[in-house]
Amino acid sequence: MDTNILEVKKVNKTYSGIQVLHDVEFDLKRGETHAMVGENGAGKSTLIKILAGVVTPDDGSEIYWDGKLISRMTPEKAIELGLAVIYQDISMFPNLTIAENICKGKHTEFFVNFKKMKETAQKALDFMGVDLNLNQKLGEISVGKQQLVAIARAITFEAQVIVMDEPTAALSSSEVKMLYRIIDSLKEQGVSIIYISHKLEEVFTVADRITVLRDGHKIHTGDASGFTNESLINMMVGRELRFIPMHNEEGDSDEVLFEVKDLVNPPMVNGVSFQVRRNEVLGITGLVGAGRSETAQTVFGLMKQQSGEVYIHGQEVHIKDTNDAIGKGICYLPEDRRTQGLFAQQNMTWNMTAVTLHKQLSGKLLDSRKELATTEKYIKSIDIRPALPGINARNLSGGNAQKVLFGRWMNADPKVLIVDEPTAGVDVGAKAEIHKILRNMAKEGVAVVLISSDLSEVLAVSDRILVMREGKIVHEVKTDEATQEAILEKGLMG
Amino acid sequence: MKNILKSKGRELLLAAVILIIGIIVTTITPAFFSVINITSILYGNAIMGIMAIGMMMVITTANVDISVGSIFAVCNMICAAFVKATGGTQSVLAIIIAMAVGCCLGLFNGLLVAKLNIPAIVVTLGSMNIMRGAIYYLTDGAWIDGLTGPFVKVASRRILGVQEAVWIWVAVIIITYFILYRTRVGRNVLAVGGNVEAATRVGISKTKTYLFAFGYLGALVGLGGALSAAKLKIAQPSNGIGYEMQLIAAAVIGGTEFSGGVASIAGTVLGVLLLGVIDNALVLAKVPVYWQDLATGIIIVLAVASDALKFIISQNRRRAG
């Protein structure tokens, strides 16, 4: 009984030159609940995707199932072996009934046998002790209940290993209790569970063992009873600062450049207020789903606000849409540069001047010489490589693509610049350069708001830090008085 | 030189194919490469060429308009009715009316696509039938023929030995080039088509951009309808059926990407000419008319498949690298 159902060794993964997993080892005993914890970007999701066969690891990585080496894991292979992943954004069929969702792919006869299907589905629900109407469409029930259906599906397929990625994110507290009970009965059946969660109290409730990941390294694996709240947080954030601190050298100012008052845009933004003063970089951190990006997007006019006030240099502004926001000096560097920022089919110059075409005119027509001059100016001032204005945007590395987007917004003469995860998927050197850009812009009188999940980045670059949780600001601290542990505790536990 | 080959590869290939077909046909019928036949090919394809430029604009926004045949018929009939009533004396006004009507119909399509978020193919499938039905109802299916006056010379009058319709096509090509590459609205068309998420985030209005593209197409189809009335001196409510396929084919063969964001004006012109030359060659070679559709179909499949192939190869290269 003491064999490992699943074990991985020397798992490495590199995405376009950036290594996100370094020699990670992980093992899972039969019938245990093994929690995996770490900050955003620690590599949890990538590891799970590798286990599920969705992502191929680098050569030399080893995956063992029941002691046997699996040479090449594919999604089909993983299902065949008995590994079921319940993703955060559940990948099921809202247009089909609950019974059909539970049994999809289970019965392979040519004609669908509805009776048999319902029996199978009911059996799984009975085992879980959950009461649901099998004929209801999946899309008509709450996201929490859908999560339970996903678990029922895993049971139907007799999964040996069930991976739960943030399973309680959408559950009510009674449903969470139900989940704990289901996990217990699954364990009795010898099913192993990999449990991923940000909520530490949950982790301590369900887990037999805990593995901590940080920056793609496995930090520690041990019995849950051997951890305390503090020791777990310490391992998650690490001790050393990874960035050179760059704080405001001009001294504190009382002049408020940008202010948001009681911004409401449910369900993600529930009364957010903050100020940005001269010379200051304001950091906003918190978990994914805490409402940080939604706050930024509401200010920027991408989402309609329900209520709230926005002031620039003391003047109240009303933002109709993004074009209006840009005109009034609010600029937003989006979270996902590939899907929300870059025009991949166009070249660097085209991307750089996309918001400032009014500056590139000769008479009524666009002047390619002016565009080229603008691009060359930023290639020089923020060191974009390769220094080819005509290079296609899709051929730029992450860091340089991000610098092009910075150039785009710098040229728009922003009064307020909100940057959302500006260094995600960027190598360390470019991260430091992006930090320098932010600092310089703050010095030049721009109100800079840095949204980031990377705590050491927030601590290194910003002067004041806000922690968001469930659409509200739950903690505010000056950086020199802040510690990673305290911030993390506020963000995770409230 | 290498750069030109790389960036204009599609256009050069099309030109080469047109030339090769020309040479083959010349061995059968020496008439093909005569000045008269070349101008007649240009003249014969000018109206399609003008409308294909408009279709390219809509496809570049990652949309499509399959109601063009019906817009064409409506504009064609209204223009002919006006010419009939005025005795063909108001040539310019007749063309402007046709373009304005076409533009309004295009704007209507664009508004539905942008505001209701319905796929363009569904919206225009509906409007195609509405417009066709309306024009049959209003005209009772009757033709308008016997058009006279200065208007009927508009398309066929020669300047420097070339028909005016061809010159209008050239003008449309030049104007479109300036719009697409030298104005902000043209940039918006490419931006919205390439990445609508990113476009919204740089302050570009999707609605306005769609309206422009559909309106532009409508106006050019209206222009085509007017020129057709002038050229043929007759208009009938069944005109333009099947045009959508030819126009889409010309743009796609020319390298305009159906997924949006990439336009090729030269490619669209060559696409129209390729389809025209093949038709012309098959006629000269006395091949039955049914083969023309087959040939058009094969070329579309080849053009699209070569794109897909290029994409797959580049993906594999990226994965390996």
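Residues numbered from 1 in each chain as written. Chains lettered and ligands numbered in written order. Predicted model: local features only at pLDDT ≥ 70, side-chain atom pairs only at ≥ 80, totals over all residues. Heavy atoms only, no water.

**Focus on the overall build of chain B**
Link 1 in the chain: Looking only at helices and strands, one finds 13 helices and two strands in chain B.
Link 2 in the chain: Along the first, second and third principal axes, the C-alpha atoms of chain B reach 70 × 55 × 35 Å.
Link 3 in the chain: Residues classed as buried in chain B amount to 50% of the 321 residues present.
Link 4 in the chain: Looking at chain B as shown, the accessible area adds up to about 14900 Å², and 72% of this sits on carbon and sulfur atoms.
Link 5 in the chain: Between the mean site of the 23 positive side-chain charges and the mean site of the 11 negative ones, chain B shows a separation of 11 Å. (Helix = DSSP H or I, 4+ residues; strand = E, 2+ residues; numbered from the N terminus. Buried < 20%, exposed > 50% of the residue type's maximum accessible area, 1.4 Å probe, protein only. Areas by Shrake-Rupley, 256 points an atom, 1.4 Å probe, with all protein chains shown as cover. Lys, Arg positive; Asp, Glu negative; His and termini not counted. Charge placed at Lys NZ, Arg CZ, Asp CG, Glu CD.)

**Some words on the environment of Phe212 of chain B**
Link 1 in the chain: Its place among the elements puts Phe212 of chain B in helix 10 (residues 206-232).
Link 2 in the chain: With residues near it in sequence (within four places) discarded, Phe212 of chain B still touches Met57, Ile179, Val185 and Val189 of chain B. (Contact = heavy atoms within 4.5 Å.)

**Observations regarding the interface of chain A and chain B**
Link 1 in the chain: Every contact between the two is made by 30 residues of chain A and, on the other side, 22 residues of chain B.
Link 2 in the chain: Here chain A meets chain B over a buried area of about 2100 Å², counting both sides, of which 55% is carbon and sulfur.
Link 3 in the chain: For the salt bridge of Arg187 of chain B with Glu371 of chain A, the shortest nitrogen-to-oxygen distance reads 2.8 Å.
Link 4 in the chain: Scanning the region where chain A abuts chain B turns up seven residue pairs in polar contact (both at pLDDT 80 or more). (Buried area = accessible area lost by both parts, 1.4 Å probe. Salt bridge = Lys/Arg side-chain N within 4 Å of Asp/Glu carboxyl O. Polar contact = N/O pair within 3.5 Å; in protein donor to acceptor, adjacent residues only side chain to side chain.)

**A short note on the packing of helix 5 (residues 91-116) of chain B against helix 10 of chain B**
Link 1 in the chain: Relative orientation of the contacting elements helix 5 of chain B and helix 10 of chain B amounts to 150°, with a least axis distance of 6 Å. Helix 10 of chain B is crossed by helix 5 of chain B, and the crossing has right-handed handedness. (Axes fitted to C-alpha atoms, helices over the stretch in contact; angles between N-to-C directions. Left-handed = near helix turned anticlockwise from the far one by under 90°.)

**Considerations on the pattern of salt bridges**
A side chain of one charge can pair with a side chain of the opposite charge if their charged atoms are brought near each other.
All names here are of chain A.
Link 1 in the chain: Counted by the stated rule, this structure contains 19 salt bridges over all chains.
Link 2 in the chain: Close ionic contact of Arg385 with Asp383 constitutes a salt bridge, the shortest N to O distance being 2.9 Å.
Link 3 in the chain: Through salt bridges with shared partners, a single network forms among Asp27, Glu32 and Arg209.

**Observations concerning the nonpolar core**
Link 1 in the chain: Ranked by size, the top nonpolar core spans 163 residues in total, and within it Phe258, Phe274, Ile330, Phe406, Trp409 and Ile418 of chain A together with Phe151 of chain B carry the most contacts.
Link 2 in the chain: If one sorts the elements of this core by residue count, helix 3 (residues 35-60) of chain B sits on top with 14 residues.
Link 3 in the chain: Counting residues in hydrophobic clusters, the runner-up holds 37 residues, among them Ile102, Leu148, Ile155 and Ile162 of chain A. (Core = buried A, V, L, I, M, F, W, Y, C linked by side-chain atoms within 4.5 Å.)

**Overview of the sheet that holds strand 19 (residues 416-420) of chain A**
Residue and element names in this part refer to chain A.
Link 1 in the chain: Pairing is mixed across the open sheet formed by six strands, whose spatial order is 16-19-20-13-21-22. Pairing within the sheet leaves two strands with one partner each, and these edge strands are strand 16 (330-333) and strand 22 (472-478). Going from strand to strand, the sheet's axes swing by 20° on average, the running direction of each strand aside.
Link 2 in the chain: Here helix 9 (residues 292-299) sits on the sheet in contact with strand 13 (281-286), strand 16, strand 19, strand 20 (447-451) and strand 21 (464-469), set at roughly 145° to strand 16.
Link 3 in the chain: Here helix 15 (residues 428-443) sits on the sheet and contacts strand 13, strand 19 and strand 20; the angle it forms with strand 20, its principal contact strand, is near 150°. (Pairing = 2+ DSSP bridges.)

**Looking at empty space enclosed by the protein**
Residue and element names in this part refer to chain A.
Link 1 in the chain: Applying the stated criterion across every chain, the model contains four cavities of 30 Å³ or more.
Link 2 in the chain: When residues of the lining of the largest cavity are traced back to their parent elements, those giving at least two are strand 13 and helix 17 (484-493).
Link 3 in the chain: Top element by residues in the lining of the largest cavity is helix 17. It accounts for four residues.
Link 4 in the chain: A per-class count over the lining of the largest cavity returns seven nonpolar, seven polar and one charged.
Link 5 in the chain: Shared between two domains, the lining of the largest cavity takes at least three residues from each, and those domains are domain 1 (4-237) and domain 2 (256-493). (1 Å grid on protein atoms, 1.4 Å probe; cavity = no way out; pocket = protein on both sides within 12 Å on 5 of 7 lines; lining within 4 Å. Points joined across faces, edges and corners; volume = space filled by probe spheres on them. Nonpolar A, V, L, I, M, F, W, Y, C, P; charged D, E, K, R; others polar. Domains from an automatic or database assignment.)

**Considering the confidence of the model for chain B**
Link 1 in the chain: The share of residues in chain B with pLDDT of 70 or more is 95%, and the mean pLDDT across the chain is 90.
Link 2 in the chain: Taken element by element, the predicted model of chain B shows its lowest mean pLDDT in helix 1 (residues 2-7) of chain B (59) and its highest in helix 10 of chain B (97). (pLDDT = per-residue confidence, 0-100.)

**Comments concerning unusual backbone geometry**
Residues and elements named next belong to chain A.
Link 1 in the chain: Between Pro266 and the following residue, Pro267, the backbone shows a cis peptide bond with an omega angle of 5°.
Link 2 in the chain: Locating Pro267 in the fold gives a position in the loop between strand 11 (256-265) and strand 12 (269-277).
Link 3 in the chain: Put simply, Arg385 and Pro386 share a cis peptide bond, and its omega is -10°.
Link 4 in the chain: Relative to the helices and strands, Pro386 is located in the loop between helix 13 (368-381) and helix 14 (398-410).
Link 5 in the chain: For Glu158, which is not glycine, the phi torsion reads 50° and is therefore positive.

**Remarks on the pairing of strand 14 (residues 307-312) of chain A**
Residue and element names in this part refer to chain A.
Link 1 in the chain: Strand direction decides the pairing type here: strand 11 and strand 14, joined by five bridges, are antiparallel. Along strand 14, the bridge assignment pairs Lys261 with Glu309.
Link 2 in the chain: Summarising the sheet, strand 14 and strand 15 (residues 315-317) pair through three bridges and their orientation is antiparallel. Its bridge partner lying in strand 15, Val310 is registered against Val317.
Link 3 in the chain: Between the antiparallel neighbours strand 14 and strand 15 lie two residues, among them His313 with a positive phi of about 50°.

**Observations concerning the state of the cysteines**
Link 1 in the chain: All told, the structure shown has zero disulfides over all chains when counted by the stated rule.
Link 2 in the chain: No disulfide involves Cys79 of chain B; its sulfur sits 8.6 Å from the nearest other cysteine sulfur, which is in Cys75 of chain B. (Disulfide = S-S within 2.5 Å.)

**Some words on the pairing of strand 20 of chain A**
Residues and elements named next belong to chain A.
Link 1 in the chain: Strand 20 sits mainly inside the fold: five of its five residues count as buried.
Link 2 in the chain: Along strand 20, one buried face is formed by Ala447, Val449 and Ile451 and the opposite face, lined by Val448 and Leu450, is buried too.
Link 3 in the chain: Inspection of the sheet shows strand 19 paired to strand 20 by five bridges, in the parallel sense. Bridged to Val419 within strand 20 is Leu450.
Link 4 in the chain: Following the backbone out of strand 19, through helix 15 and into the adjacent parallel strand 20, one traces a crossover that is right-handed. (Right-handed = clockwise from strand over helix to strand, strands pointing away.)

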